[in-house]
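In case you want the letters, here they are:
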Amino acid sequence: MAEAKQTYDPATIEPKWQAFWREHDVFRARNPGDPDFDPRQPKFYALDMFPYPSAAGLHVGHPEGYTATDIVSRWKRAKGCNVLHPMGWDAFGLPAEQYAIQTNTHPARTTAANIATFRRQLQRLGFSYDWSREISTADPKYFRWTQWIWKRLYERGLAYESNAPVWWCEALGTVLANDEVVNGRSERGDHACERRPLRQWLLRITDYAERLLADLEPLEWSESLKTMQREWIGKSEGAEIDFDVLGHAGTRLRAFTTRPDTLFGASFLVLAPEHPLVAEVTTAARRAAVEAYQKAAAAKSELERTDLAKDKTGVWTGAMAHNPLFAADDPRGRIPVWIADYVIVTYGTGAIMAVPAGDERDFAFARKFGLPIPAIFAPATSDAEADAAVARGERCCTAEAPYAAHCRTADGTLALAGRSLADAKRATIAWLEARGRGAAKVTYRLRDWLFSRQRYWGEPFPVLHTADGVDLVPDDQLPVELPVMDDFRPGGTPESPLVRAREWVETLDARGRPAQREVNTMPGAAGSSWYFLRFCDPHNEREFCSRAASDYWLPVDLYVGGTEHAVGHLLYSRFWTKVLHDDGRVGVVEPFRKLYNQGMIQAFAYRDARGAIVPMAAVKEDGDTAVHATTGEPLERIVTKMSKRYGNVVNPDQVVDEYGADTLRLYEMYMGPLADSKPWNPKDVPGVHRFLQRSWRLAVPEFPEHGPIHAWLRADRADEPALERALHRTIHKVDGDIERLAFNTAIAAMMIFVNEATKAMERLSRSQLLRFSQLLQPFAPHLAEELWARLGGEGLLARAPWPAVDAKLLVDDEVELAVQVLGKVRTRITVPADAAQDVVLAAARRAAAAWLDGKTIQKEIVVPKKLVNFVVR
RNA sequence: GCCGGAGUGGCGGAAUCGGCAGACGCACAGGUUUCAAAAACCUGCGCCCUCACGGGCGUGCGGGUUCAAGUCCCGCCUCCGGCACCA
């Protein structure tokens, strides 16, 4: 044994090609105006949801979407596109700050270290990112423009200050985010928390609700995602109706309803406990009860008020109101005014007209408190018993139903009997409008975006507070950088730790007068709401992104990421894009043309008889079964998410160390459809690795003395026809599969080709292997590049065009058909591909004679190139 | 409760427009090679009956449409995701 074998060794070839690509600037995207820009090329913008660089490093979930976009990017380049495929860091945020508090290190330092780890890990995977466009949201050169965009929002009247409630935890001395509070107690330490109003910045995203809804329609997003956004925006059409409060001349309560047609059945009003008119209308006798109820409601979170509190609660204010449909002296028109926490102050007008006969919630409330349930429907369905109950006011009816005869005003100007639901709504609104008692109204569930945090590690607002009010920092003085602090712990008040940076806070305005800097910082979603724009023009020091660059690159052609951003990030980015469009700074109104959600990569875990998950360290696996390592108890295998606690987290670095980046990429794509959640199975990884080894061996001899490639590949030879057909079929299949993001089946097709080629290895030509390398390149770029180089391919494979398909080679001369009798496959025939129908039938009859014997053929069905079916009796 | 998505061999999955269910990979079994092992290569592999030939059953469950259903329709069950007193 003299020399080492030339086996497939990713540890050697992967770093080699990564360095080569970097040194030759292979993946640099050209902007219009750049020296090598080619205007004839179509553009393609492939974007990943950029990661938050956590201390834990890259997770195998990250490279799933990243590999998908990388495959598409490399394929689009091969197809002649100018591809923008960038990567960056969503670097501001709470975890870095928490970590900083625990370890007493500055978040800027930990963030920089985490970014370095993420970058190193990503670069090991051979992604074709244009690293010259790398950005970080925490970089002053970046957040300068986040602040600048915020100023445009402010100037357009879309940013405002308001007192909004925040979670304050006395014991921890800090403000907490919604997801840090569970049932009114802090997640950390389980301390009591309360809602406190605090001055906050908000963005008027509600002004864009209708456009955010309407512009969703043409986007290539999954229906489920569009539905989630639609429901989040929550458009409802209805009416606002004014009710006079008896004994309070001039005070009217305005209620929003989607069912103005049920106004005849309104038997009480309900205000949210926080409604501003509660104090005014409450009578002296009821004041104590009302205030006690308000206090109790304030202590509850919104979750408790909705999810947990199914049982209706409420108190009467002592006030009476008047239903405008009835005459002043009609007792039916006198209705009590209650407060109850099932009415939410931030939705609609914070007040409802309660119609127990037509609304389940109002019905339950009326039943509980003995309030009247005036019947308004006379239904006639197949369920006579239910109909009678509705007519008696003993049952609630939310479906469309005929109106009772008494649904009419005394003067007959409004009568609903005989009208459809839509018609009755229209008629009621028209009647109210004519009398100045109400109007049609559209309401959205979407609320304004709470756009400030009482935290250190975020973008400072470019805002000064002076004696005259809010003053903006001039554009030429941006960015407003964070002060250097060595203690950013919460300070025992709900305010941001920035208040302690006295020298930073106390400053002068443009005219030299004393001013205080805004101490709130922007939320994590600020920087991520426009990063796709900065990628188009990342080094521009005069603009956030030149109009020429965004006009060229936008919209993003393919955006891949997890569903967790279905409403937040995607809605905010759409909003900012529209605002920048309205400001004339961006051409498009929608940033992401096609969006695809990858599934979650899960892992196996083992559960004992009690259902508790046993950490992997205590599990002994043996083939198909597993037992507890110490007790020997048999365990059940389940699929769940990866978690440190279960010890089932897969580290991509380890996979790369053992098998190489190409194997990791390939396995992640081979596991199953991109959109599905699927478990990581370590036993399956060697399968795709073997495929890469087999591909390698098609070109490279085992022993170096036989040269860098097999002898038969060095001579120019004609392509073997069967292999040539197989190759063309594979190219065609892989091409179509990448287009529809079906990477798992594309890989299967390449495996089939390699299996066939292995069996006829010495008949394979150099040209065929070169073209196979081109196919493999998007998936396993390092191996493919190495094969290409060894085979003497021209230039770099990363820049080579996609191989051509000859349509003539996709069709076979002969085809095999299934022959069915009564739908069951009985036998098969082989016929020329272009055989006439009667020839096929004759052959099929002959082949199926045994099953047709003694039967009468009633029908013969021929599906060309598929099957023949005889229907017999 | 409402709205999505899914359910296919021992496992991950394939079947793109109603046309041969189980491609491809894993696991498993047998074989070749080897002093041996690993690796590699070859063969088999849905379930049941059968020495075999062959046959029956089979895509969560129950019905239906069709020459033909994993795919379409109706009614259920289970799992996953989202929303949840939004008037």
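Treat the numbers as computed from the prediction; the structure is a model and nothing was measured.

Visitor: Quick one: what's the story with the sheet that holds strand E19 (residues 469–472), residue by residue and with numbers?
Guide: The strands that make up a sheet are held in pairs by hydrogen bonds between backbone atoms, and each pair lies either parallel or antiparallel. One open sheet holds the four strands; their spatial order is E19-E18-E21-E20, and the pairing between them is antiparallel. Every other strand in the sheet has two partners, leaving E19 and strand E20 (506–508) as the edge strands with one partner each. Averaged over neighbouring strand pairs, the angle between their axes works out to 45 degrees when direction is ignored. Note that E20 and strand E21 (residues 514–517) share three bridges and pair antiparallel. Counted as the bridge partner of Leu 508 is Pro 514 from E21.

Visitor: I'd like to hear about helix H13 (residues 421–434), residue by residue, with values.
Guide: For H13, with 14 residues, the first-to-last C-alpha span of 20 Å sits near the 20 Å given by 1.5 Å per residue. Within H13, burial applies to Leu 421, Ala 424, Ala 427, Thr 428, Ile 429, Trp 431 and Leu 432. Of the surrounding elements, those touching the buried residues of H13 are strand E10 (235–245) and strand E16 (438–444). After H13 finishes, the residue Gly 436 shows a positive phi value of roughly 65 degrees.

Visitor: Please set out the packing of helix H7 (residues 223–233) against helix H18 (residues 568–582) residue by residue, giving values where relevant.
Guide: The N-to-C vectors of H7 and H18 enclose an angle of 75 degrees; their axes lie 11 Å apart at closest approach. The orientation of H7 relative to H18 falls into the category roughly perpendicular. Between H7, through Leu 225, Gln 229, Trp 232 and Ile 233, and H18, the contact on the second element is made entirely by Leu 570, Leu 571 and Arg 574.

Visitor: How would you sum up the domain arrangement of chain A? Please name residues and give values.
Guide: Domain parsing of chain A yields domain 1 (43–151 + 525–597), domain 2 (235–444), domain 3 (601–649), domain 4 (687–809) and domain 5 (813–872). Computed over C-alpha atoms only, the centres of domain 2 and domain 3 are separated by 55 Å.

Visitor: I'd love a proper account of the sheet that holds strand E30 (residues 814–821), names of residues and values included.
Guide: Here we have four strands laid out as an open sheet, ordered E31-E30-E33-E32, and mixed in their pairing. Two strands bound the open sheet, and with one partner strand each, they are strand E31 (824–832) and strand E32 (857–863). Averaged over neighbouring strand pairs, the angle between their axes works out to 20 degrees when direction is ignored. Taken together, the eight bridges between E30 and E31 define a ladder with antiparallel strand orientation. Within E31, the position partnered with Ala 818 by the bridge is Arg 828. Together, E30, E31, E32 and strand E33 (867–872) form the strand contacts of helix H27 (residues 837–847), whose direction differs from that of E31 by roughly 135 degrees.

Visitor: How would you sum up the packing of aromatic side chains? Please name residues and give values.
Guide: For the structure shown, the criterion picks out 45 aromatic pairs. Look at Trp 449 and Trp 576: their rings are 6.3 Å apart centre to centre, the planes differ by 50 degrees, and that puts the pair in the tilted class. Residue Trp 449 is found in strand E17 (residues 449–450), and its partner Trp 576 is found in helix H18; the two are separated by 127 residues along the sequence. Neither residue differs from the other here; Trp 449 and Trp 576 are each classed as buried. Grouped by ring-pair contacts, the aromatic residues Trp 150, Tyr 154, Trp 201, Tyr 208, Trp 449, Phe 451, Phe 461, Tyr 572, Phe 575 and Trp 576 constitute a single cluster.

Visitor: Can you lay out unusual backbone geometry for me, pointing to particular residues and giving the numbers?
Guide: Here the amide bond leading from Leu 478 into Pro 479 is cis, since omega sits at 5 degrees, within 30 degrees of zero. As for its position among the elements, Pro 479 is in the loop between E19 and helix H14 (502–505). Following Leu 554, the chain continues to Pro 555 via a peptide bond in cis, the omega torsion being 0 degrees. Relative to the elements of secondary structure, Pro 555 occurs in the loop between helix H17 (547–553) and strand E22 (558–561). The phi angle at Leu 741 is positive, at roughly 60 degrees, despite the residue not being glycine. Along the polypeptide, Leu 741 turns up in the loop between helix H23 (721–739) and helix H24 (743–759). Even without glycine at this site, Leu 822 takes up a positive phi of about 55 degrees. Take Leu 822: it is sitting in the loop between E30 and E31.

Visitor: I'd like a rundown of the pattern of salt bridges, residues and numbers included.
Guide: In this structure the tally under the stated criterion is 61 salt bridges. Arg 211 is the partner of Asp 582 in a salt bridge, and the nearest nitrogen-oxygen pair spans 2.8 Å. A residue pair is termed long-range when its members are at least 10 positions apart, and Asp 582 in helix H18 and Arg 211 in helix H6 (residues 209–214) qualify at 371 residues. Asp 582 gets classed as partly exposed once you look at its relative accessible area, which sits at 29%. Where Asp 737 meets Arg 740, a salt bridge forms, and the shortest distance between an N and an O atom there is 3.1 Å. Take Asp 737: its relative accessible area is 3%, and that puts it in the buried class. Taken together, the salt bridges that share partners define one network made up of Lys 43, Glu 220, Asp 557, Arg 593 and Lys 594.

Visitor: I'd love a proper account of the environment of Val 649, names of residues and values included.
Guide: Tracing the backbone through its elements, the reader meets Val 649 in the loop between strand E28 (634–641) and helix H19 (652–659). When near neighbours in sequence (up to four residues on either side) are disregarded, Val 649 contacts His 59, Met 642, Ser 643 and Lys 644.

Visitor: Outline helix H4 (residues 107–123), listing residues and values.
Guide: The end-to-end C-alpha distance of H4, which contains 17 residues, comes to 24 Å, matching closely the 24 Å that a straight helix rising 1.5 Å per residue would cover. Of all the positions in H4, only Pro 107, Thr 110, Thr 111, Asn 114, Ile 115, Phe 118, Gln 121 and Leu 122 are classed as buried. Here the buried residues of H4 occupy an arc of 135 degrees about the axis, which is enough to place them on one side. Against helix H2 (62–78), strand E3 (88–89), helix H3 (94–103), strand E4 (135–136) and H19 lie the buried residues of H4.

What counts and how
Residues numbered from 1 in each chain as written. Chains lettered and ligands numbered in written order. Predicted model: local features only at pLDDT ≥ 70, side-chain atom pairs only at ≥ 80, totals over all residues. Heavy atoms only, no water. Pairing = 2+ DSSP bridges. Helix = DSSP H or I, 4+ residues; strand = E, 2+ residues; numbered from the N terminus. Axes fitted to C-alpha atoms, helices over the stretch in contact; angles between N-to-C directions. Expected span 1.5 Å × (residues − 1). Buried < 20%, exposed > 50% of the residue type's maximum accessible area, 1.4 Å probe, protein only. Contact = heavy atoms within 4.5 Å. Parallel < 35°, antiparallel > 145°, perpendicular 65-115°, else oblique. Domains from an automatic or database assignment. Phe/Tyr/Trp six-rings, centres within 6.5 Å; stacked < 30°, edge-to-face > 60°. Salt bridge = Lys/Arg side-chain N within 4 Å of Asp/Glu carboxyl O. Arc of directions from axis to C-beta.

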